[in-house]
Amino acid sequence: MRKIRSHYGTAEDFVAAIREDNALEVFTTDSYEPGEEILLELSFTGLPGKMMVRAIGQEWHAARPRLRVRAGGTVMCAGTEARKVQFLKKVATGEVRLTARRRHVRLPVLVEIRWRRRGERDFKMAALSEISEGGALLLTQDERPDVGDEVIIEITPPGSARPLEILAVVRNKNNEDGVGLEFMARDMGGVHRLREVIRRLVEQ
C-alpha cells in the first residue's frame, strides 16, 4: 500500500475539501489509480500532528499551472476511516480541541488479535487498528477492559508462525468502537519487535 501526503494550508481549506458523500479532495503530486487503496497522511495548519487514513482512490490529475490547478484529485473514505475524517472536521472547526501532539503517528491497519487481562488465562478474539510504537485502538464490543487495566495482546505478524505478546495498559474508552491502549515496551528489544510488526502490517 502506497502512502501519499495531502497538506491543507488552513483548517478552512480542509473542511472545504470534505464532500457529503465521504469523498475527500486531496492535493498531492503522487499519482494513484482509481480503485487503488492508499494510505493518506492528512495535515493542516493548527492540527497538532498528522492523521493516517486508509482511502480508495477515485481520480487524480496532474497540475495545470496555466489554469492554476494543483495536482491532486479525490479519494473515498468509508467506515471508521470516514469517522476519522469527520473527527478531524470537528477539530478544524473548533468543536473539538487537541492540545497534545502524539509522540508516534498511528497507522490505520486492521489486524485480528487475541487479548486477555493480565493475571487471567483465557484469551478473547478482537482486532487492533491505528497502531503505532506507542499504542493502538483495541476494537472489541463484547467485553471491554477498564481504564488502567493491564492487558496482554497476542499478535501474529504476517509471515511469522509464532505470535508476539505485548503488554499494554488501557488509557481511554473515548472511542465508540473500542479502547485506547498504550504499549509498555520494557526494553529496546521490545521497541524493535514492535517496529518490525508495524512494518509488516503496513506492507502486507
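Residues numbered from 1 in each chain as written. Predicted model: local features only at pLDDT ≥ 70, side-chain atom pairs only at ≥ 80, totals over all residues. Heavy atoms only, no water.

Asker: I'd like to hear about the pattern of salt bridges, residue by residue, with values.
Answerer: When the charged atoms of two side chains lie near each other, side chains of opposite charge can form a pair. Tallying each qualifying case throughout the model produces 12 salt bridges. Here Glu37 makes a salt bridge to Arg54, at a shortest N to O gap of 3.0 Å. Pair noted here: Glu37 is in strand E3 (residues 37-44) and Arg54 is in strand E4 (residues 51-61), with a separation of 17 residues, a long-range link. Look at Glu37 and you get partly exposed, because its relative accessible area is 37%. Between Glu143 and Arg117 there is a salt bridge, with its nearest N and O atoms 2.7 Å apart. Of this pair, Glu143 sits in the loop between strand E8 (135-139) and strand E9 (150-155) while Arg117 sits in strand E6 (residues 107-117), and the two are 26 residues apart along the sequence. Residues joined in a network through salt bridges with shared partners are Arg117, Glu120, Lys124, Glu143 and Asp149. (Salt bridge = Lys/Arg side-chain N within 4 Å of Asp/Glu carboxyl O. Helix = DSSP H or I, 4+ residues; strand = E, 2+ residues; numbered from the N terminus. Buried < 20%, exposed > 50% of the residue type's maximum accessible area, 1.4 Å probe, protein only.)

Asker: Could you give an account of the sheet that holds E4, with specific residues and numbers?
Answerer: With mixed pairing, the 5 strands of this open sheet are ordered in space as E1-E3-E4-E5-E2. Edge positions in the sheet fall to strand E1 (2-8) and strand E2 (23-27), since each of these pairs with one other strand and no more. Mean inter-strand twist for the sheet, computed between neighbouring axes without regard to direction, equals 45°. Bridge analysis of E3 against E4 gives 6 bridges, and the strand direction is antiparallel. (Pairing = 2+ DSSP bridges. Axes fitted to C-alpha atoms, helices over the stretch in contact; angles between N-to-C directions.)

Asker: Describe unusual backbone geometry, naming the residues involved and giving the relevant values.
Answerer: With a phi close to 70°, Asn22 is a non-glycine residue in the positive phi region. Along the polypeptide, Asn22 turns up in the loop between helix H1 (11-17) and E2. With relative accessibility at 32%, the residue Asn22 sits in the partly exposed group. Positive phi values are uncommon outside glycine, yet Arg68 reaches one of about 60°. When you line up the elements, Arg68 lands in the loop between E4 and strand E5 (72-76). Residue classification places Arg68 among the exposed residues on the basis of a relative accessible area of 80%.

Asker: Mind laying out the packing of aromatic side chains, listing which residues take part and the relevant values?
Answerer: Throughout the structure, instances matching the rule amount to 3 aromatic pairs. With a centroid separation of 5.8 Å and 75° between ring planes, the pair formed by Tyr8 and Phe27 is classed as edge-to-face. With Tyr8 in strand E1 and Phe27 in strand E2, the pair connects residues that are 19 residues apart, well separated along the chain. Overall, Tyr8 belongs to the buried group, its relative accessible area being 1%. Ring centres of Phe14 and Phe44 lie 5.0 Å apart, and the angle between their planes is 20°; this geometry places the pair in the stacked category. Within this pair, whereas Phe14 is found in helix H1, its partner Phe44 is found in strand E3, the two being separated by 30 residues in sequence. Its relative accessible area of 0% is what places Phe14 among the buried residues. A relative accessible area of 5% means that Phe44 is categorised as buried. Counting every residue linked through ring pairs, the aromatic cluster contains Tyr8, Phe14, Phe27 and Phe44. (Phe/Tyr/Trp six-rings, centres within 6.5 Å; stacked < 30°, edge-to-face > 60°.)

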